[in-house]
Every structure is written in C-alpha cells, then in structure tokens.
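Results of the structural survey
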Amino acid sequence: MLKKKSVLLAGHATSIALEPEFWAVLEARAAALDISLAALLKQVDAARGRRPLASACRVHALEWAAQSATSSQAADTV
C-alpha cells in the first residue's frame, strides 16, 4: 500500500506516493544528513533529470541503502 506525502518543490505543491519502506529509508537518510525530509526531497528533485519523482526517490533510497550495507560490511571486516 502506498503512502502519500505532500511537499513544496520549486514553488509548487506536489504529493509523492511511495511504499512505507521507502519512506523509512528516506527519513533515515534525511536524519543521517541532519536535514528535513522535505530538504532531502528537494535534493532528489533537483538531481532527478527526466526521471519521475517517485522513481527518483526509490532509486535514491536504494542507492543509499546499498551504500550503507557496503559500508557496514567493510566495517565488519576490519
């Protein structure tokens, strides 16, 4: 089930519908960067090119999760 959140991007109100698991990763990413979720979504929006916003959010979440997993595995082997 998708969960919608509203955000103001480039002066326009929009809503983004993502699975709760993706929202959880994006919220953790925002917390790790010490920024708000809205600020993170603005960064994703600015970098997404022609990709749909929801897709860009999912890709961003997956990339960060993969990077975090790789970093965690590297720390475990040291």
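To start, this report covers the structure provided alongside it. (Residues numbered from 1 in each chain as written. Predicted model: local features only at pLDDT ≥ 70, side-chain atom pairs only at ≥ 80, totals over all residues. Heavy atoms only, no water.)

Some thoughts on the side chain of aspartate 45
- As for its placement among the helices and strands, aspartate 45 is situated in helix 2 (residues 37-47).
- In terms of polar contacts, aspartate 45 uses its side chain to reach the side chain of arginine 48, at 2.6 Å.
- Setting aside its immediate chain neighbours within four residues, aspartate 45 contacts Leu9 and Leu53. (Helix = DSSP H or I, 4+ residues; strand = E, 2+ residues; numbered from the N terminus. Polar contact = N/O pair within 3.5 Å; in protein donor to acceptor, adjacent residues only side chain to side chain. Contact = heavy atoms within 4.5 Å.)

What about the pattern of salt bridges?
- Per the stated rule, a full pass over the model turns up three salt bridges.
- Measuring nitrogen to oxygen at the nearest pair gives 2.7 Å for the salt bridge that ties glutamate 27 to lysine 5. Of the two residues, glutamate 27 is situated in helix 1 (residues 20-33) and lysine 5 in strand 1 (residues 3-9); the sequence distance between them amounts to 22 residues.
- Glutamate 27 sits in the partly exposed class, given a relative accessible area of 36%. (Salt bridge = Lys/Arg side-chain N within 4 Å of Asp/Glu carboxyl O. Buried < 20%, exposed > 50% of the residue type's maximum accessible area, 1.4 Å probe, protein only.)

Comments concerning the packing of helix 1 against helix 2
- Between helix 1 and helix 2, whose axes approach to 9 Å, the crossing angle comes to 100°. Relative to helix 2, the element helix 1 is oriented roughly perpendicular. Where helix 1 approaches helix 2, its residues Trp23, Leu26, Glu27, Arg29, Ala30 and Leu33 are matched on the opposing element by Leu37, Leu40, Leu41 and Gln43.
- For the contact of helix 1 with helix 2, the per-class residue count stands at seven nonpolar, one polar and two charged. (Axes fitted to C-alpha atoms, helices over the stretch in contact; angles between N-to-C directions. Parallel < 35°, antiparallel > 145°, perpendicular 65-115°, else oblique. Nonpolar A, V, L, I, M, F, W, Y, C, P; charged D, E, K, R; others polar.)

Examining helix 2
- Burial in helix 2 covers these residues: Leu37, Leu40, Leu41, Val44 and Asp45. Around the axis of helix 2, the buried residues are gathered within 140° of arc, so they sit on the same side. Of the residues in helix 2, the exposed ones pointing more than 90 degrees away from the buried face are Ala46 and Ala47. (Arc of directions from axis to C-beta.)

Just geometry here; none of it tells us what the structure is for.
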